[in-house]
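Observations on chain architecture
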Amino acid sequence: MVIPNAPIGKPVEHPHATTVLLLGALSVLCCGLTGPVAWAMGKRALDQIEESGGGYGGQTQVVVGFTLGVIGTILMVVMALLFIVVLIGGG
């Protein structure tokens with residue numbers, strides 16, 4: 001993958017690195033629905049960073065956002081199951 005106008009010797013931050021980090025943080029803090037989005041975007045961004053051969057940076061941001069997206073998704077599923085159990089058992 002060739003990155004146009006990339007400075008020599010310095011990797012360019014992946015365009016979705018900050019977005020993945022933000023979505024992952026939001027999924028854990030308040031809105032679990034952004035978790036799967038952070039998960040999918042993070043996986044795609046990590047694949048693109050690896051394919052770039054050092055042309056893209058921001059891997060740490062993407063890994064943290066991806067991990068938070070996975071955790072947020074798991075929390076969302078657990079909370080949904082807990083809600084269903086309370087709804088069924090509460091009557």
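Remember, it's a predicted structure, so these values are computed and weren't measured experimentally. (Residues numbered from 1 in each chain as written. Predicted model: local features only at pLDDT ≥ 70, side-chain atom pairs only at ≥ 80, totals over all residues. Heavy atoms only, no water.)

Some words on the packing of helix 1 (residues 17–29) against helix 2 (residues 34–51)
Each packed pair of helices is defined by two parameters, the angle between the axes and the distance between the axes. Contact pair helix 1 / helix 2: the axes reach a minimum separation of 8 Å and the direction vectors enclose 150 degrees. Judged by the inter-axis angle, helix 1 sits roughly antiparallel to helix 2. Considering how the two elements wind past one another, helix 1 and helix 2 form a crossing that is left-handed. In this structure, helix 1 contributes Thr19, Val20, Leu23, Gly24, Leu26 and Ser27 to the contact, and helix 2 contributes Thr34, Gly35, Val37, Ala38, Met41 and Gly42. Looking at the contact of helix 1 with helix 2 residue by residue, the classes come out as six nonpolar, six polar and no charged. (Axes fitted to C-alpha atoms, helices over the stretch in contact; angles between N-to-C directions. Helix = DSSP H or I, 4+ residues; strand = E, 2+ residues; numbered from the N terminus. Parallel < 35°, antiparallel > 145°, perpendicular 65-115°, else oblique. Left-handed = near helix turned anticlockwise from the far one by under 90°. Contact = heavy atoms within 4.5 Å. Nonpolar A, V, L, I, M, F, W, Y, C, P; charged D, E, K, R; others polar.)

Overview of the nonpolar core
Residues Ala17, Ala45, Leu46, Ile49, Tyr56 and Val62 constitute the largest nonpolar core, which totals six residues. Sorting elements by how many residues they give to this core places helix 2 first, with three residues. Not counting residues within four places of it along the chain, the set of residues in contact with Ala45 comprises His14 and Val62. (Core = buried A, V, L, I, M, F, W, Y, C linked by side-chain atoms within 4.5 Å. Buried < 20%, exposed > 50% of the residue type's maximum accessible area, 1.4 Å probe, protein only.)

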